[in-house]
Amino acid sequence: MTPHVLELRDVTKTFASRDGREPKAGDGHTAVAGVSLRIARGSFFSLLGPSGCGKTTTLRMIAGFESPDSGEIRLNGNRIDALPPYRRSVNTVFQNYALFPHLTVLGNVEFGLKQGGKSANDAAVRVARLLGQLQLNGKESRRPNELSGGERQRVALARALVLEPDVLLLDEPLSALDPQLRKQVRAELKDLQRRTGITFLMVTHDQEEALSLSDSMAVMHRGRIEQTGTPQELYQKPATKFVASFLGAMNWLEGRGVRPEAVRLSRNELAGAYRGTVRATLFLGAASQVEVRLERGEVFTVQTAPGESWADGETAFVSWDAAQEHRFAAGGL
Amino acid sequence: MSRLRAWFLAPSWLLAVATVAIPFAIVLAYSALSRGAYGGVELPWTSENYQRLFDLLYGAILWRSVWISAVATVLCVVLAFPLALFIARSPRKNLYLSLVILPFWTSFLIRLYAWMFLLRDTGLINTVLQWTGWIREPLPLLYNDGAVILGLVYGYLPFAVLPLYATIEKLDPHLLEAAADLGARPFRALVEILLPLSAEGIWASSILVFVPCLGTYLTSDLLGGSKTILIGNLIQNQFTASRDWPFGAALSMALLAMAGCLLWVARKRGQELL
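Residues numbered from 1 in each chain as written. Chains lettered and ligands numbered in written order. Predicted model: local features only at pLDDT ≥ 70, side-chain atom pairs only at ≥ 80, totals over all residues.

1. Digging into the overall build of chain A
Note the cut-off: Only DSSP runs of H or I with at least four residues qualify as helices, and only runs of E with at least two residues qualify as strands; both kinds are numbered from the N terminus onward. With C-beta atoms placed from the backbone, a residue is labelled by how many other C-beta atoms lie within 10 Å of its own: buried for 20 or more, exposed for 12 or fewer, partly exposed between the two. Throughout, a residue-residue contact means that the two C-beta atoms, derived from backbone geometry, are no farther apart than 7 Å.
Secondary structure summary: chain A contains 8 helices and 18 strands in total. For chain A, buried positions account for 37% of its 333 residues. Within chain A, contacts between residues at least 6 apart in sequence are counted, and of these 64% link residues at least 24 apart.

2. Here we look at the overall build of chain B
Along its length, chain B carries 13 helices and 2 strands. With the C-alpha coordinates of chain B rotated into their principal frame, the extents come out at 75 × 70 × 35 Å. In chain B, the proportion of contacts linking residues at least 24 apart, taken out of those at least 6 apart, comes to 70%.

3. Overview of helix α8 (residues 174-181) of chain B
Among the residues of α8 of chain B, those classed as buried are L176, A178, A179, A180 and D181 of chain B. Where α8 of chain B is buried, its residues touch α1 (55-63) and β6 (90-93) of chain A together with α9 (186-197) of chain B. One or two residues past the end of α8 of chain B sits G183 of chain B, with phi positive at roughly 100°.

4. Details of unusual backbone geometry
Apart from glycine, the bulk of residues carry a negative phi angle, and the bulk of peptide bonds sit in the trans form. All names here are of chain A. Even without glycine at this site, D10 takes up a positive phi of about 50°. Take D10: it is sitting in strand β1 (residues 4-15). For Q135, which is not glycine, the phi dihedral falls at a positive 50°. Along the chain, Q135 falls in the loop between α3 (123-133) and α4 (149-161).

5. Some points on the sheet that holds strand β4 (residues 70-75) of chain A
All names here are of chain A. Rules: Pairing between two strands requires that DSSP report at least two bridges joining them.
Spatial strand order, β2-β1-β4-β5: 4 strands in an open sheet with antiparallel pairing. Edge positions in the sheet fall to β2 (29-40) and β5 (78-79), since each has one partner strand and no second. By the bridge criterion, 9 bridges tie β1 to β2 in an arrangement that is antiparallel. Paired with L8 across the bridge in β2 is L37.

6. Brief notes about the pairing of β6 of chain A
Residue and element names in this part refer to chain A. Of the two faces of β6, the one lined by V90 and T92 and the one lined by N91 and V93 are each fully buried. Pairing analysis gives 4 bridges linking β6 to strand β7 (residues 167-171), with the strands arranged parallel. Bridge pairing links T92 to L169 in β7.

7. Some thoughts on the packing of α8 of chain B against α9 of chain B
All names here are of chain B. For clarity, the threshold we go by: Each axis is a line fitted through C-alpha atoms, taken for helices only over the stretch in contact, and angles between the N-to-C directions span 0 to 180 degrees. Roughly parallel means an angle under 35 degrees; roughly antiparallel, over 145; roughly perpendicular, 65 to 115; everything else is oblique. Each crossing gets its hand from how the near helix is turned against the far one by less than a right angle, where anticlockwise is left-handed and clockwise is right-handed. Throughout this entry, Asp, Glu, Lys and Arg are counted as charged residues, while Ala, Val, Leu, Ile, Met, Phe, Trp, Tyr, Cys and Pro are counted as nonpolar. The remaining residues, Gly among them, count as polar.
In the contact formed by α8 and α9, the axes pass within 10 Å of each other and the chain directions differ by 140°. If you check the angle between α8 and α9, you find them oblique. Crossing of α8 against α9: the hand is right-handed. Together, L175, L176, A179 and A180 of α8 and A189, I193 and L194 of α9 make up the contact between the two elements. Among the residues forming the contact of α8 with α9, the class breakdown is 7 nonpolar, no polar and no charged.

8. Focus on the packing of α4 of chain A against helix α5 (residues 179-196) of chain A
Residues and elements named next belong to chain A. Two elements in contact, α4 and α5, have axes whose closest approach is 12 Å; the angle formed by their N-to-C orientations is 20°. Considered as vectors, α4 and α5 are oriented roughly parallel to each other. The two elements α4 and α5 meet at a crossing, and its hand is right-handed. Two secondary-structure elements touch here, α4 through G149, G150, Q153, L157 and L161 and α5 through L181, V185, L192 and T196. Its residues placed into classes, the contact of α4 with α5 shows 5 nonpolar, 4 polar and no charged.

9. What to know about the interface of chain A and chain B
With 19 residues of chain A in contact, the opposing surface of chain B contributes 16 residues. Of all elements in the fold, only β6 and α2 (105-114) of chain A reach the threshold of two or more residues within the side of chain A that touches chain B. Its residues assigned to classes, the side of chain A that touches chain B shows 10 nonpolar, 7 polar and 2 charged.

10. A short note on the nonpolar core
The condition is simple: We call a set of buried Ala, Val, Leu, Ile, Met, Phe, Trp, Tyr and Cys residues a nonpolar core when their C-beta atoms link them within 7 Å.
One finds A158, L168, L169 and L201 of chain A to be the most contacted residues of the largest nonpolar core, which totals 77 residues. In terms of residues, this core owes the most to one element, α4 of chain A, which gives 6 residues. The contact partners of L168 of chain A, leaving out residues within four places of it in the chain, are N91, V93, A160, L161, I198, T199 and F200 of chain A. Core analysis: the second largest hydrophobic core is formed by 45 residues, I68, Y156, L157 and L164 of chain B among them.

11. A closer look at the sheet that holds strand β18 (residues 326-327) of chain A
Residues and elements named next belong to chain A. Taken together, the 3 strands give an open sheet; going across it, the order is β11-β12-β18, and neighbouring strands pair in antiparallel fashion. The sheet is open, and its two edges are formed by β11 (251-253) and β18, each paired on a single side. Pairing analysis gives 2 bridges linking strand β12 (residues 256-258) to β18, with the strands arranged antiparallel. Its bridge partner being in β18, G257 is matched across the sheet by H326.

12. Here we look at the environment of P138 of chain B
Here P138 of chain B lies in the loop between α6 (124-131) and α7 (145-170). The spacing of P138 of chain B and L119 of chain B is 19 residues in sequence and 9.9 Å in space, taken between C-alpha atoms.

13. With respect to the environment of L75 of chain A
Residues and elements named next belong to chain A. If you trace the backbone, L75 turns up in strand β4. With 22 C-beta atoms counted inside 10 Å, the residue L75 sits in the buried group. It is 25 Å that separates the C-alpha atoms of L75 and E209, two residues lying 134 residues apart in sequence. Contacts of L75, omitting those with residues within four sequence positions, involve V5, L6, I80, R88, S89, V90 and D166.

Without other data, these values stay purely geometric and don't point to any function.
Right under this line is the structure:
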């Protein structure tokens, strides 16, 4: 057993013509340009990036719905890039779930078990256990259109997890849920991954989702991986300007970036501080967010303790430790 | 408001009464009258025309109409399904859809003559086959049941494609990906996912093809010759050569009743599926 359950080596995919799958795809658009990834067995991995960055195409190549133009995809060390989807031990939770509307919850969950002829002896036990874990007991004979959004998502998870795949692929799994439900389901998803021990590979454009769920993650931009690492590494030591601005908030001054929580705000002029005027204050409970327009023109967002109070129009001095700032070569790469 | 509504609906009502209700009443009345000496109808009222429907000779023609229509319908749906699937998944849907309806720009009669030109003993197919030495005697391609079925499939294929296309186009393309993802080979995905979800379209296509096939007379007349008589030709004969209008009317009522039953069954079946 290799330590990495899934490995991508220099995978490239170019769409020949407009096909509407990637939102910003033009003619001869390179959706994925040399992506290499290694995903550790049993981990929760996220592929984060803005829409059109190639993350969904990457996921679809792993699932087998698209085939790479070049590069290798290995599952447990064996190449799978030439195999059809039904011969890969990966399963997908689709963004819109793609539940079979004419089958019941049970029919959907059992669908995969009935394929390929050899049904597992413990199939019924597995189905029952999974339906229990996902709180779907009593809904076995419902049709997808009789379920709530959250229930549909759990059916989609059960349908894929029942096959105990080597990797579970999740395409924006939370985006179809309403915001109130999203946070709750996020916690459940993490819990489910821990309990099943199955490797989860999630594609998302939501940085908060990726940061909170992942053991490790990669940020994608224009078909390339910008950086791979743990959420802490990516947040604290962004390797490129794109990662720095895409993950969390960042204030920019002459090519140097500094996080709002690393900026000090003072009424006294400290050495090396920048003078500015408070434009707005946002009270967030645990902290306050103050917007300061520097005399030089830049607008800084500063996180302050909730006790501090700043009035609009007040003069303030902005400073930070040089160790806390991020510097990047011009051009971002 | 409702008076205005009635006025706007009036033309539709008039049209429906003039072209459906009145002709139907005339045919119904004719079917219960006696035969006139030189065509037409005369009194007294009789049920004899309907009794004649149960004659074995007419039963055979009726049965032949049903099975030829059934074969043509099955062939149409089987051919139309992959075509509809292809069009629904293609980025050039509109082009292909207009190609499907393109034949309607030419008269059906002319297109049937074209088929005769292709199929007859001295036609294009036989000439080419003889010229290349594949066959010595011309193949009997025209004036048989096969030619009639070919003509029906050719003529009604567009009617089968359109409802199937409408059904398949609405389906989420991710459903087939999901099936493959869960381990279904293409054939299993077709049988377990695509066909059940297209059932509505398959029924609509079948009805749309079967009903006009049942009443056809042009195709069987031109491509079937004198041997392949269908109920449509039989009706035509009663109003022309045989000059037996009441019996022709009774046959028309029988055809209408059959089509009506079929629509009723299909609707029931369709509702069950939904």
